[in-house]
Amino acid sequence: MAVSQHAEPTTEPAADPAKGVALVTGASSGIGAAIARSLADQKRWTLLVAGRDPDRVAGIASETGGTPLLGDLAVPGGARRLVTRAVDEAQHIDLLVASAGVGWAGPFATMPTSAVDDVLTVDLVAVVQLVRMVLPHMLLRRRGHLVLIGSIAGSLGVEGEAVYSAAKAGLGAFADALRYELRGTSVQVTHIVPGVVDTPFFARRGVPYNRRLPRPIPPERVARVALRAIDRGSREVFVPRWFRIPAGIRALLPGAYRQLAARLG
Ligand SMILES: NC(=O)c1ccc[n+]([C@@H]2O[C@H](COP(=O)([O-])OP(=O)(O)OC[C@H]3O[C@@H](n4cnc5c(N)ncnc54)[C@H](OP(=O)(O)O)[C@@H]3O)[C@@H](O)[C@H]2O)c1
């Protein structure tokens, strides 16, 4: 069912026309929650905060004044249902921040096939489907910003995170390709590429982050960078910024990069 079929006026009160409408997925934790709080601080967004856990979603909704939207993006049709409900609530979406994500770490040969499905679906397929659902509306309204939360794993390929790296690399390629397509329109695509961030992500995947370096950064720092990127219309932003260097070396000198990565781990 296309979103446009749900765009007629509903009995819900319309979003404040002076504000843009922002839908943040993964708003119940970590980076998504930090971005939702920062958007709320700007006081120029009608916020729709999405997640899976009812208590956490209710918590961030009351903290930010946003509308809670519950839904599982790992199940078929999850992305479509979420956008349908978001449009029912607010009539349109001006900003999509796709932050919901899951990890899995360990040797690929032992990865449960259900975990393969989860990582690929939540980290890549659902994001593509969300964008597919919101983009036609944004193009019609000549206004929109798509913010995709990727990962340095997608730029480098991290040992023990083969499927996660593949999903995030796919997201980066999707962002690049879509951006070309949207040239000349008023819809922008920003790919945020965080390094290691201090969130429940690692506890949830069941394997703690135990490298000495790089040190995890707070999610609020990613949120600050993301909001600046939205204001500036940046295409791709690494947080911290120096992560652009290994990504650039890998792109320019893949052989040298692989030797170095194998030595340093
Ligand atoms: N932490 C890092 O070091 C790091 C580094 C690079 C990139 N990233 C990326 O940043 C994004 C946010 O991660 P985070 O660090 O903030 O992790 P987090 O604290 O674990 O938050 C993950 C969020 O995704 C939501 N989510 C997970 N599975 C979902 C599903 N099936 N359906 C709907 N929502 C689901 C969770 O919702 P519930 O809480 O309601 O379950 C939660 O809000 C992810 O895309 C991740 O890949 C993280």
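Up top is the structure.
Residues numbered from 1 in each chain as written. Predicted model: local features only at pLDDT ≥ 70, side-chain atom pairs only at ≥ 80, totals over all residues. Heavy atoms only, no water.

## So, the packing of aromatic side chains
What the rule picks out here adds up to four aromatic pairs. Seen in terms of ring centroids, Tyr 164 and Phe 201 are 5.5 Å apart; in terms of plane orientation they differ by 50°. Their pairing is tilted. Of this pair, Tyr 164 sits in helix H6 (residues 162-181) while Phe 201 sits in helix H7 (residues 201-205), placing them 37 residues apart in sequence. Relative accessible area serves as the criterion here: at 9%, Tyr 164 is assigned to the buried category. Here Phe 201 falls in the partly exposed class, since its relative accessible area comes to 21%. Look at Trp 242 and Phe 243: their rings are 4.3 Å apart centre to centre, the planes differ by 20°, and that puts the pair in the stacked class. You can call Trp 242 partly exposed: its relative accessible area is 45%. Joined through ring pairs, the aromatic side chains of Tyr 164, Phe 201, Phe 202 and Tyr 209 make up one cluster. (Phe/Tyr/Trp six-rings, centres within 6.5 Å; stacked < 30°, edge-to-face > 60°. Helix = DSSP H or I, 4+ residues; strand = E, 2+ residues; numbered from the N terminus. Buried < 20%, exposed > 50% of the residue type's maximum accessible area, 1.4 Å probe, protein only.)

## So, the packing of helix H3 (residues 78-90) against helix H4 (residues 113-141)
For the pair H3 and H4, interaxial distance at closest approach is 8 Å and the crossing angle is 35°. H3 and H4 meet at a crossing whose hand is right-handed. The residues of H4 that touch H3, namely those facing Ala 79, Arg 80, Leu 82, Val 83, Thr 84 and Val 87, are Ala 126, Gln 129, Leu 130, Met 133, Val 134 and His 137. Residues belonging to the contact of H3 with H4 are distributed by class as follows: eight nonpolar, three polar and one charged. (Axes fitted to C-alpha atoms, helices over the stretch in contact; angles between N-to-C directions. Left-handed = near helix turned anticlockwise from the far one by under 90°. Contact = heavy atoms within 4.5 Å. Nonpolar A, V, L, I, M, F, W, Y, C, P; charged D, E, K, R; others polar.)

## Looking at a positive patch on the surface
Taken together, the side chains of Arg 221, Arg 224, Arg 228, Arg 232 and Arg 241 present a region of like positive charge at the surface. Relative to the helices and strands, Arg 228 is located in helix H8 (residues 219-232). When its relative accessible area of 40% is taken as the criterion, Arg 228 is described as partly exposed. (Patch = residues over 30% accessible without salt bridge, like charges linked within 9 Å, V, L, I, M, F, W, Y side chains within 5 Å. Areas by Shrake-Rupley, 256 points an atom, 1.4 Å probe, with all protein chains shown as cover. Salt bridge = Lys/Arg side-chain N within 4 Å of Asp/Glu carboxyl O. Lys, Arg positive; Asp, Glu negative; His and termini not counted. Charge placed at Lys NZ, Arg CZ, Asp CG, Glu CD.)

## What about the environment of Gly 77?
Along the chain, the position of Gly 77 falls in the loop between strand S3 (67-70) and H3. For Gly 77, a relative accessible area of 27% translates into the label partly exposed. On a C-alpha basis, the gap between Gly 77 and Ala 126 in space is 8.7 Å, while along the polypeptide they are 49 residues apart.

## Considerations on the pattern of salt bridges
Enumeration according to the criterion identifies seven salt bridges in this entry. The partner of Arg 44 in a salt bridge is Asp 231, with the nearest N and O atoms 2.9 Å apart. One end of the pair, Arg 44, is in the loop between helix H1 (30-42) and strand S2 (45-51); the other, Asp 231, is in helix H8, and 187 residues separate them in sequence. In this structure, Glu 161 and Arg 205 form a salt bridge, with 3.2 Å as the shortest nitrogen-oxygen distance.

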